[in-house]
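So the chains spell out like this:
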Amino acid sequence: MSAWESGRRRTGKRNRAGLCRLYRERPEVLFAHQDGAAASVLESSGTAVVVRVLTRWTDLIEAMVGVVTDAREQLVVTGSRSREAAYLAAIETAVAERPDLVHYRVLYGAPRRPELVDHLSRLLELRDPAARRNGVKTLHIGVVERPEAPERFFVASETAAVVPMPSFHGAEGFDCGVLLNREAAVGLVHHGREACASARPVETMEAVRALRVRRE
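The following refers to the structure shown.

Parameters at a glance
- Residues numbered from 1 in each chain as written.
- Predicted model: local features only at pLDDT ≥ 70, side-chain atom pairs only at ≥ 80, totals over all residues.
- Heavy atoms only, no water.
- Core = buried A, V, L, I, M, F, W, Y, C linked by side-chain atoms within 4.5 Å.
- Buried < 20%, exposed > 50% of the residue type's maximum accessible area, 1.4 Å probe, protein only.
- Contact = heavy atoms within 4.5 Å.
- Helix = DSSP H or I, 4+ residues; strand = E, 2+ residues; numbered from the N terminus.
- Phe/Tyr/Trp six-rings, centres within 6.5 Å; stacked < 30°, edge-to-face > 60°.
- Expected span 1.5 Å × (residues − 1).
- Salt bridge = Lys/Arg side-chain N within 4 Å of Asp/Glu carboxyl O.
- Axes fitted to C-alpha atoms, helices over the stretch in contact; angles between N-to-C directions.
- Parallel < 35°, antiparallel > 145°, perpendicular 65-115°, else oblique.
- Nonpolar A, V, L, I, M, F, W, Y, C, P; charged D, E, K, R; others polar.

**What to know about the nonpolar core**
Of all hydrophobic cores here, the largest spans 34 residues; its most connected members are Val68, Leu75, Tyr87, Leu120, Val155 and Val162. With near-sequence residues (within four places) excluded, Tyr87 lies in contact with Met64, Val65, Val68, Val77, Ser82 and Val155. Membership of the second largest hydrophobic core comes to 21 residues, among which are Val49, Phe154, Ala185 and Ala199.

Written out as structure tokens, the structure reads:
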């Protein structure tokens, strides 16, 4: 199960029924990424996958915190620019209070903010990435260092996701976004798991301290 969660192995038909019971999810959603059915699931849903368009900064942060707060099984966060105190605190609270929650944090290049480095340090204080709970690794932190890989920004759980978007109000910033439903969220969770599995691990205090903040 750990290898499947991290994207290192595909799951055969024999184990699908058990995984569907464990994650309380339909097989056409849970295994869409490995069956090539992800596109058809989203296409059949159409624009219904977009629950809400977020046009204000306060609404965006509230929705992102909501995804984190409601996560019970998996939480994927990507990007190297996080600095919002309420958002980072919500992630730390989720990691501290839900030992069964599997958290993936994927950076794209060096952190852009010192607040993010501090956040990664606090995650390592809260949970040991080398530990296994019921045989499952529950904290994954990695950095994608390929310069050609575009940075991705999203937060996703097993039930919802938020993707920040360029501002509708000016030429700078990402202060708008979309709130997505379960079908889209499941696809983004898998996307983040695979990205983390191929990233360079940053899972010790020494590795975090070695990260150099790249200011822009």
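Following the structure, the description resumes.
**Observations concerning the environment of Arg146**
One can find Arg146 in the loop between β6 (139–144) and β7 (154–157). With relative accessibility at 42%, the residue Arg146 sits in the partly exposed group. Along the primary structure Arg146 and Tyr108 are separated by 38 residues, whereas in three dimensions their C-alpha atoms are 8.2 Å apart.

**Observations concerning the packing of aromatic side chains**
On inspection of all chains with the given rule, the structure shows one aromatic pair. A ring pair is formed by Phe153 and Phe174, whose centres lie 5.2 Å apart and whose planes are at 40°; its orientation type is tilted. In this pair, Phe153 sits in the loop between β6 and β7 while Phe174 sits in the loop between β8 (161–165) and β9 (176–180), placing the two residues 21 residues apart along the sequence. By relative accessible area, Phe153 is classed as partly exposed at 22%. When its relative accessible area of 40% is taken as the criterion, Phe174 is described as partly exposed.

**What about the side chain of Ser121?**
Take Ser121: it is sitting in helix α8 (residues 114–126). Taking the relative accessible area as the measure of exposure, Ser121 reaches 16% and is therefore buried. The contacts of Ser121, once residues within four sequence positions are left out, are Met205 and Val208.

**Thoughts on α8**
Along its 13 residues, α8 runs 19 Å from first to last C-alpha, staying within 8% of the 18 Å computed at 1.5 Å per residue. Taken together, the buried positions of α8 are Leu116, Val117, His119, Leu120, Ser121, Leu123 and Leu124. Along its buried surface, α8 packs onto α7 (85–97), β3 (102–108), β6 and α10 (205–209).

**What about the pattern of salt bridges?**
Under the defined criterion, the tally for this structure stands at nine salt bridges. Across the pair Asp59 and Arg52 runs a salt bridge whose closest N-O atoms are separated by 3.5 Å. Take Arg52: its relative accessible area is 42%, and that puts it in the partly exposed class. The network of salt bridges with shared partners includes Arg52, Arg56 and Asp59.

**Thoughts on the packing of α7 against α8**
With their axes 10 Å apart at the nearest point, α7 and α8 run at an angle of 10° to one another. Our classification of the angle between α7 and α8 gives roughly parallel. Here Leu88, Ile91, Glu92, Val95 and Ala96 of α7 come into contact with α8, specifically with Glu115, His119, Arg122, Leu123 and Leu126. Among the residues forming the contact of α7 with α8, the class breakdown is six nonpolar, one polar and three charged.

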